[in-house]
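Listed below, chain by chain, are the residues.
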Amino acid sequence: MRRPGGWWRTKSTPEKVETYTRWSFHFFGVIEVFALGVSAYGRTGVGLATVLCLLVVAHAAVCMLVSSRALDWTRGRRPQPVRLMWTLVVVSAVVSTTAVVIAERGPAGEVETAAGSVYGGVLCFAAGVITLGVSGRRRMVAVVGGFAVGAGLLTFPLEMPVLASVVLAGLVMVTGGFLAITSIFSLWLLNAVYALDDAKETRARLAVAEERLRFGRDLHDVMGRNLAVIALKSELAVQLSRRGRPEAVEQMIEVQRIAQESQREVRDVVRGYREAALEVELAGARGVLTAAGITAKVTGETAGLPAEVQSALGWVVREATTNVLRHGDAKKVAVTVRMSGGRVVLTVENDGVAETTGDGPSAESADTTRTGGSGGSGGSGLAGLRERLSAVDGTLEAGPAGRGVFRLTAAVPLPDATAGAALEVAS
């Protein structure tokens with residue numbers, strides 16, 4: 001079963017901010033119902049209060065719908081809700097006009113206060129909500145100003161003094177403007193969070209692209225000169241062969257030697273690209289995580305470890321760091337290297353992950369998603385890491401280690417001599 005609040009923990013940071021923003025807009029509708037509709041019961045009779053409350057509830061419902069569709073439009077998921085915004089204008093006009101009629105023809109006394117609150121309040125909320133569905137400062141100011149002018153014009157049937165009408169229009173302008181600014185700032189904050197998340201993903205892709213460029217440069221430096229020499233010597237051998245000169249054989253032997261040397265150098269480049277030094281990967285992980293605003297703590301000693309062990313554990317650090325950046329929402333990451341019982345144990349622990357539910361394949365799938373990205377073999381996901389560790393008789397464990405905490409543990413046995421030297425260094 002899904003744990004309480006599990007739907008929230010499964011959301012990314014931008015999705016959480018969007019959910020909070022959306023329900024904040026809906027909460028404006030709740031405030032409108034209680035501030036304008038429910039409060040009418042304490043100001044006038046039950047019959048008129050019920051009419052006013054129903055009008056406010058209908059208006060608040062339309063406001064909620066418009067704000068939700070406007071948010072989706074801002075995120076590029078829906079077209080601009082033009083018809084809904086005009087519907088809100090019409091509903092606001094109907095509710096305001098009805099409130100004026102009730103205040104004019106209803107029983108004298110407190111009903112005028114209740115109807116007047118509904119009259120001005122719905123215009124303020126409508127002005128704040130409609131600004132979510134328009135772009136540009138001038139249009140937003142025009143929307144708020146239009147509702148303020150409309151609020152002043154609708155007071156003439158009530159035979160209110162000119163000064164009172166101007167004050168009411170000013171109140172609608174100020175209150176509606178405040179709600180509009182609050183709503184627009186919320187949308188700006190939401191868009192900024194999504195932009196930061198996109199930048200985080202872009203940074204990860206750029207890191208991969210930079211590594212590919214580095215490999216390409218190294219390969220070009222190794223092969224460019226050798227291929228040029230091979231081409232020249234092959235051309236020379238062809239010319240000597242055509243002239244029947246015995247030196248052609250020597251030139252071809254030299255071509256063969258250079259080709260074999262090129263193969264060896266290419267293997268060295270590829271090996272250096274595929275192998276990951278543990279100390280270098282730990283330093284790189286600390287730098288990348290810190291640059292991403294994540295508190296990184298790296299402890300342990302790597303001196304004296306065999307090259308194959310460092311390569312296997314270096315890949316674990318590289319994969320875990322990459323996927324914390326891509327898939328997690330971590331604030332803290334702790335990487336620890338320690339010697340225990342003739343083994344070197346690497347632990348990568350981070351917070352800010354969604355909790356998994358259930359056991360077996362579902363948990364394994366969740367672990368693979370968190371730890372390995374694509375999940376393919378040869379370096380991606382738990383399967384790829386286990387393959388690398390199995391080459392040095394190592395093991396890998398991954399799973400939740402508490403509420404919102406994920407831990408990955410890799411253990412590799414050490415040869416007796418290496419284990420003794422490492423323990424001496426650690427002591």
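Look up a bit, the structure's there.
Residues numbered from 1 in each chain as written. Predicted model: local features only at pLDDT ≥ 70, side-chain atom pairs only at ≥ 80, totals over all residues. Heavy atoms only, no water.

Asks: Any chance you could explain the packing of helix 3 (residues 46-74) against helix 4 (residues 82-105) here in plain terms?
Replies: Packed helices, taken two at a time, are described by their axes: the angle between them and the distance between them. Where helix 3 meets helix 4, the closest approach of the two axes is 10 Å, and the angle between their N-to-C directions is 165°. One way to sum up the angle between helix 3 and helix 4 is to call them roughly antiparallel. Relative to helix 4, helix 3 is oriented so that their crossing is left-handed. Here L48, V51, L52, L55, H59, V62, C63, L65, V66 and R69 of helix 3 come into contact with helix 4, specifically with L84, M85, L88, V91, S92, V95, T98 and I102. A breakdown of the residues in the contact of helix 3 with helix 4 according to their chemical character gives 14 nonpolar, three polar and one charged. (Axes fitted to C-alpha atoms, helices over the stretch in contact; angles between N-to-C directions. Helix = DSSP H or I, 4+ residues; strand = E, 2+ residues; numbered from the N terminus. Parallel < 35°, antiparallel > 145°, perpendicular 65-115°, else oblique. Left-handed = near helix turned anticlockwise from the far one by under 90°. Contact = heavy atoms within 4.5 Å. Nonpolar A, V, L, I, M, F, W, Y, C, P; charged D, E, K, R; others polar.)

Asks: Sorry if this is basic, but what is going on with the packing of aromatic side chains here?
Replies: The geometry of an aromatic ring pair is captured by the separation of the ring centres together with the interplanar angle, meaning the angle of the planes. Here the structure, examined in full by the defined rule, presents two aromatic pairs. Considering the side-chain rings of F25 and F28, the 6.3 Å spacing of their centres and the 40° angle between planes classify their relative orientation as tilted. Of this pair, F25 and F28 both sit in helix 2 (residues 13-37), separated by three residues, roughly a single helical turn. Cation over ring: R318 sits above W315, and NZ or CZ is 4.4 Å from the ring centre. Taking NZ or CZ as reference, R388 lies 3.9 Å from the ring centre of W315, over its face. (Phe/Tyr/Trp six-rings, centres within 6.5 Å; stacked < 30°, edge-to-face > 60°. Lys NZ or Arg CZ within 6 Å of the ring centre and 35° of its normal.)

Asks: Hey, could you run me through the sheet that holds strand 2 (residues 332-340) in this one?
Replies: Each strand in a sheet pairs with its neighbour through backbone hydrogen bonds, running either in the same direction (parallel) or in the opposite one (antiparallel). Here five strands make up an open sheet; going across it, the order is 1-2-3-5-4 and the pairing mixed. Where the open sheet ends on each side, the last strands, each with one partner, are strand 1 (295-300) and strand 4 (395-400). When the angles between neighbouring strand axes are averaged without regard to direction, this sheet yields 10°. Here strand 3 (residues 343-351) pairs with strand 5 (residues 405-413) via nine bridges, running antiparallel. (Pairing = 2+ DSSP bridges.)

Asks: Sorry if this is basic, but what is going on with the environment of W86 here?
Replies: On the secondary structure map, W86 appears in helix 4. Separated by 44 residues in the primary sequence, W86 and I130 have C-alpha atoms spaced 9.0 Å apart.

Asks: What is the right way to look at the packing of helix 2 against helix 3 in this model?
Replies: Running from amino to carboxyl end, helix 2 crosses helix 3 at an angle of 165°, the nearest separation of the two axes being 8 Å. With respect to their mutual orientation, helix 2 and helix 3 come out roughly antiparallel. For helix 2 against helix 3, the interelement crossing comes out right-handed. Each of E18, T21, R22, F25, H26, G29, V30, E32, V33, L36 and G37 in helix 2 lies in contact with helix 3, whose residues at this interface are A49, C53, V56, V57, H59, A60, C63, M64, S67, S68, L71 and D72. Grouping the amino acids of the contact of helix 2 with helix 3 by side-chain chemistry returns twelve nonpolar, seven polar and four charged.

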